[in-house]
Amino acid sequence: MNRFKASKFRHTEARLPRREAWIGGIRAGSITSCGNHVKASCCWIAFNAEAAGVLGIVPLECEDGGKRTVSQLCCHSDVVTDFDFSPFDQLLLATGSADETVKVWRLPESGQDMPGGAGLTLGPGGGPVDMLQFHPTADGVLASGAGKRVTIWDVGRQQPLTALDSHGDQLQSLTWKRDGCLLGTSCKDKKLRIFDPRASPAASQSVPGHENNKDSRLLWMGSSDCLISVGFSQMREREVKLWDTRRFSGAMLTVALDTSPGVSIPLYDADTGLLVLAGKGENLLYCFEVAPTQPALTQVTQCRTEGSTRGLAAVPRLALDVMACEVLRVLQLSDTALVPISYLVPRKSIQDFHEDLFPDCAGTLPATGAQAWWAGDSRQVGRVSLHPARRPTETFTSPVIACTRLHAADTGPTDTGADRSEGSGYSSPSSLASPGSAATSLSASTGPSSGFASSPSQKSLQSILGPSSRFRHTQGRVLHRDTHLTNLRGLSLTTPGECDGFCANHQRVALPLLSAGGQIAILELSKPGRLPDAAVPTIQNGAAVADLSWDPFDPRRLAVAGEDAKIRLWRIPEGGLQETLLEPEAVLRGHTEKIYSIRFHPVASDLLVSSSYDMTVRIWELSSGREALCLRGHTDQIFSLAWSPDGKKLATVSKDGRLRLYEPRRSPQPQQEGPGPEGGRGARLVWVCGGDYLLVSGFDSRSERRILLYQAQALPEGPLSVLGLDVAPSTLLPFYDEDTGVVFLTGKGDTRVFLYEVTPEPPYFLECNSFTSSEPHKGFVFLPKTACEVREVEFARALRLGQSTLEPVAFHVPRVKKEYFQDDIYPPTRVWWEPALSGSAWLAGEDGQQRRASLRPADMTPVSEAPKEAPARKFVPASVYLEEKSDEQKKEELLSAMVARLGNRDDPLPQDSFEGVDEDEWD
């Protein structure tokens, strides 16, 4: 577009389809990554599903006007971060994951089953794969970005051609020039870089990009020397910049868009010069025409969609409806649907092919191969016409993967046993259904949230939907106001991140206060209601509270860790605190710096462990008030520590990114070490699955909250599974219910509690219904199992701390026969209030095991012993009546029924009773 000539796209309009044209019945995943979360070829659409490691696959076009069938492709053991279709082979799909591998898949022709395994696997690499893009001219060349490195792969040989390591921080995007010679990247260090991979692994050019290091994207404008970047300014404004590599010292043009916080997803069509921008989490799509020669960025149109954007993709030009003047089509991924949005240019004649709107575009035959391109071959892809009569019909099949049938017979050397053991690659078709359909309901009731509705299949529902948790329908509810403690005043809401914020046992709760001197309020749970406006009796700790914990074997003893490196033991009088306590029962001294956290031993009495800024972990024998053991080996802040259920081992997670496992009575040095969460913002850990596994909550390098599962005896091998949850600033605090295997996860300041059943076999995490509160909670602490009301099938109870209230929250499983004791949910529970041995005996080398007791009330019968009721017949088959009647009776009844449905034909029609209009009234 120039200054004196009107653009042919100036009247372009975005046309939203009717709901019938949406691809509904899906649940999109909330993956935090640099990808677009949805991509399209001329045959298929792929999108991130809700289940980790799973992609949804759906045909681009409907067959015979019917509904599309949504299938699932289980790609990786961890979340799929990015994926890309080959520009030549429309069935070739590459996927990258946080499990550090890249897999290449050959999708089937329409109507066939999805592949049972990856065609080949690249990696693992040095970190989670963040982005992928196929080469635009050479078949079998793929660029992948992980951490600070871009790797160029020869996919056919499964070998890297080169690695580009010039980045100073986390990669945010990469883009090939359409002629395939150069590659551009954007990075968290706020720089844009240009590489010639065949010439040197070092960047040939670099320039400061956007002033804010929040996610930025870079796109090459076809085969020209110009690029488009989108990002944020120093004032957090979203902006678009145009660049020319011939004058790369600064941007040619900078256009500020708005101050919205959503990361922009840009799509650029080099043949029309149209740029579409959409912000994640928003429902507004911008369309611009880009003129780099001016330079100019002119808004053509904008449209507002019904749902918010989770991802965005452009449909290949060869799949456009050119006779309808469709110059661009994008696919918006929302929470529950894929919405195709067409950009049309109005023309008087829609029966002619408008060559000015549809110039020749790149074909689907590659110009060269991987090794030829690496040797210097720079031939370009031939261009083809979009005219329906002249459009090429030949298709290209890449030789990097054999055909699907051959691959099914022989998975090849790259399909490792580990992939098969994780269920990787299993797929099943599922019929498209609306959220309220029976198929969707069946999916929700028989399996975890996988994002797909189910359909009849020869395979069992278990194999189609994957394993499901018996707690998937768990419901959390806040109990009646009569059980609340209200009018809480002066609460300390700034306790360290290593502290849960407050602590509780089955009798009372301890709440740190904001007052000077480390005051702690002790409230009796048996006395709910509104607290008086006057000051309540407190504990005067004498130093700011760093952490606090109740003794599980003595409900009146409270241990408080202070910022003065001392641990004070306080004894609460029988019946509760009636007056201010000034003198502790004992003071433990030994740490030289502020204490992080304290934990009582789960099996032995009078044993306490503490961690400190002096990077030591100390075990105290409370009966004598002495330090019994000192564990060393940490090089940075200790985020969390946890005793194993049998009390023999102690695990820690540290800011240095390491997990450590100690056997304190054998050695002060760690028995094992393994890699922990990447981020240094905080982490927690808890023992699960009978003490054979460790669950760690933390952050990744992009500040996404995630949980990791480790085998306790194989920490150096890294996590078995990683599950990303969301992006939030607070560390997830895990609570594990050992009787049910359910882990509860929430953070201070959150409104949501995540629930997962943890299993020792894949997929390891089975999602359950989460609990959501109306306002953020300042703390969320669980009570002992004996506080649960088993008659209401309640299997966990917590206390939720609000701004000025303390509310009990009950988690229960809906059951029909509540009059029976649900012994499948309530196995014999550990008698946690009785120690198995003394602390001195444990230090001497003895071990003990606590007895178990049933929670069944005396007047309830176990549901397993309930009498089996014969199913009542809901209806009597018609054959019962028909066999008792003669043929003449059957004919007479059939004829009567037909007449009744037709109605009485002698009745007057409604219009016969109308009065009509007099002829004079027409004037």
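First, a word on what this report is: a plain description of the structure on this page. (Residues numbered from 1 in each chain as written. Predicted model: local features only at pLDDT ≥ 70, side-chain atom pairs only at ≥ 80, totals over all residues. Heavy atoms only, no water.)

This part covers the overall build of the chain. Looking only at helices and strands, one finds eight helices and 68 strands in the chain. Among the 923 residues that make up the chain, the fraction classed as buried is 53%. At a minimum sequence separation of 6, the contacts of the chain that also span at least 24 residues come to 54%. Carbon and sulfur atoms make up 49% of the accessible area of the chain, which totals about 40500 Å². (Helix = DSSP H or I, 4+ residues; strand = E, 2+ residues; numbered from the N terminus. Buried < 20%, exposed > 50% of the residue type's maximum accessible area, 1.4 Å probe, protein only. Contact = heavy atoms within 4.5 Å. Areas by Shrake-Rupley, 256 points an atom, 1.4 Å probe, with all protein chains shown as cover.)

Okay, the pattern of salt bridges next. Taken as a whole, this structure holds 58 salt bridges when the rule is applied. Salt-bridge contacts for Arg329 lead to Glu61; the nearest nitrogen and oxygen are separated by 3.3 Å. Of this pair, Arg329 sits in strand S28 (residues 326-333) while Glu61 sits in the loop between strand S4 (54-59) and strand S5 (69-74), placing them 268 residues apart in sequence. Taking the relative accessible area as the measure of exposure, Glu61 reaches 43% and is therefore partly exposed. For the salt bridge of Arg238 with Asp258, the shortest nitrogen-to-oxygen distance reads 2.9 Å. Of this pair, Arg238 sits in strand S21 (residues 238-244) while Asp258 sits in strand S22 (residues 253-258); the two residues are 20 residues apart in sequence, bridging distant segments of the chain. Taken as a pair, Arg238 and Asp258 share a single burial class, namely buried. One network of salt bridges, with partners in common, ties together Lys177, Asp179, Asp225, Asp244, Arg246 and Arg247. (Salt bridge = Lys/Arg side-chain N within 4 Å of Asp/Glu carboxyl O.)

We now examine the packing of aromatic side chains. Under the criterion given, the structure shown has 20 aromatic pairs. Each ring, one from Phe735 and one from Phe782, has its centre 4.3 Å from the other, and the planes form 5 degrees; the classification is stacked. Taken together, the residues Phe735 in strand S58 (residues 733-737) and Phe782 in strand S63 (residues 779-782) connect sequence positions 47 residues apart. On the basis of relative accessibility, which here comes to 28%, the residue Phe735 falls in the partly exposed class. Ring centres of Phe821 and Tyr826 lie 5.5 Å apart, and the angle between their planes is 25 degrees; this geometry places the pair in the stacked category. (Phe/Tyr/Trp six-rings, centres within 6.5 Å; stacked < 30°, edge-to-face > 60°.)

All right, on to the side chain of Arg238 then. Overall, Arg238 belongs to the buried group, its relative accessible area being 3%. Those residues within four positions of Arg238 in sequence are excluded, and the remaining contacts are Gly231, Phe232, Val255, Ala256, Leu257, Asp258, Ser260, Gly262, Ser264, Gly279, Glu282 and Tyr286.

Here we come to the pairing of S58. Each regular strand shows side chains that alternate between the opposite faces of the sheet. Burial analysis of S58 places four of its five residues in the buried class, which makes it a mostly covered element. Note that S58 and strand S59 (residues 742-746) share five bridges and pair antiparallel. Note on S59: the bridge partner recorded for Asp737 is Val742. Hairpin remark: S58 followed by S59, antiparallel, with four residues in the connecting loop; positive phi at Gly741, about 80 degrees. (Pairing = 2+ DSSP bridges.)

Once that is clear, we can look at the nonpolar core. Counting residues in each nonpolar core, the largest one holds 29 residues, and the members touching the most others are Val276, Leu285, Leu312, Val327, Val330 and Tyr343. Looking at this core, the elements that each hand over two or more residues are strand S23 (264-269), strand S24 (274-279), strand S25 (284-291), strand S26 (296-304), S28 and strand S29 (338-344). Leaving out residues up to four positions away in the same chain, Leu285 has contacts with Val276, Leu277, Ala278, Thr301, Gln302, Cys303, Thr305, Thr309, Leu312, Val330, Ile341 and Tyr343. If you look at the next biggest cluster of nonpolar residues, it comprises 22 residues, including Phe471, Phe744, Leu755 and Ile825. (Core = buried A, V, L, I, M, F, W, Y, C linked by side-chain atoms within 4.5 Å.)

It is worth spelling out unusual backbone geometry at this point. In this structure, the amide linkage connecting Gln294 to the following residue, Pro295, adopts the cis form with an omega of -5 degrees. By the secondary structure assignment, Pro295 is in the loop between S25 and S26. Between Pro762 and the following residue, Pro763, the backbone shows a cis peptide bond with an omega angle of 5 degrees. Tracing the backbone through its elements, the reader meets Pro763 in the loop between strand S60 (752-758) and strand S61 (765-767). The phi torsion at Arg236 lies on the positive side, around 65 degrees, for a residue other than glycine. With respect to the helices and strands, the residue Arg236 is situated in the loop between strand S20 (226-232) and S21.

As enumerated under the stated definition, the model contains four cavities of 30 Å³ or more in all. Lining the largest cavity are Gln172, Ser186, Cys187, Lys190, Lys191, Leu192, Gly209, His210, Asn212, Asn213, Lys214 and Ser216. Listed by contribution, the elements that provide at least two residues to the lining of the largest cavity are strand S16 (183-187) and strand S17 (191-195). Here the residues of the lining of the largest cavity sort into two nonpolar, seven polar and three charged. (1 Å grid on protein atoms, 1.4 Å probe; cavity = no way out; pocket = protein on both sides within 12 Å on 5 of 7 lines; lining within 4 Å. Points joined across faces, edges and corners; volume = space filled by probe spheres on them. Nonpolar A, V, L, I, M, F, W, Y, C, P; charged D, E, K, R; others polar.)

Before going further, it helps to examine the environment of Glu678. Within the element layout of this structure, Glu678 appears in the loop between strand S53 (672-675) and strand S54 (684-688). For the pair Glu678 and Arg702, spaced 24 residues apart in sequence, the C-alpha separation works out to 9.3 Å.

One open sheet holds the four strands; their spatial order is S23-S24-S25-S26, and the pairing between them is antiparallel. Looking at the sheet topology across the chains shown, the edges are occupied by S23 and S26. Direction aside, the axes of adjacent strands within the sheet are offset by 20 degrees on average. Strand direction decides the pairing type here: S25 and S26, joined by eight bridges, are antiparallel. Paired with Tyr286 across the bridge in S26 is Gln302. (Axes fitted to C-alpha atoms, helices over the stretch in contact; angles between N-to-C directions.)

Quick look at the sheet that holds strand S7 (residues 92-97) now. Read from one edge of the open sheet, four strands run S6-S7-S8-S9, paired in antiparallel fashion. Both edges of this open sheet fall to strand S6 (80-85) and strand S9 (120-122), since each of them pairs with a single strand only. For this sheet the average axis-to-axis angle between neighbouring strands, irrespective of direction, equals 20 degrees. Both S7 and strand S8 (residues 102-106) contribute to a ladder of five bridges, which runs antiparallel. When the sheet's bridge partners are listed, Gly96 is paired in S8 with Val102.

Quick look at the environment of Ser774 now. Within the secondary structure, Ser774 is located in the loop between strand S62 (771-772) and S63. In this structure the C-alpha to C-alpha distance between Ser774 and Thr751, which are 23 residues apart in sequence, comes to 6.8 Å.

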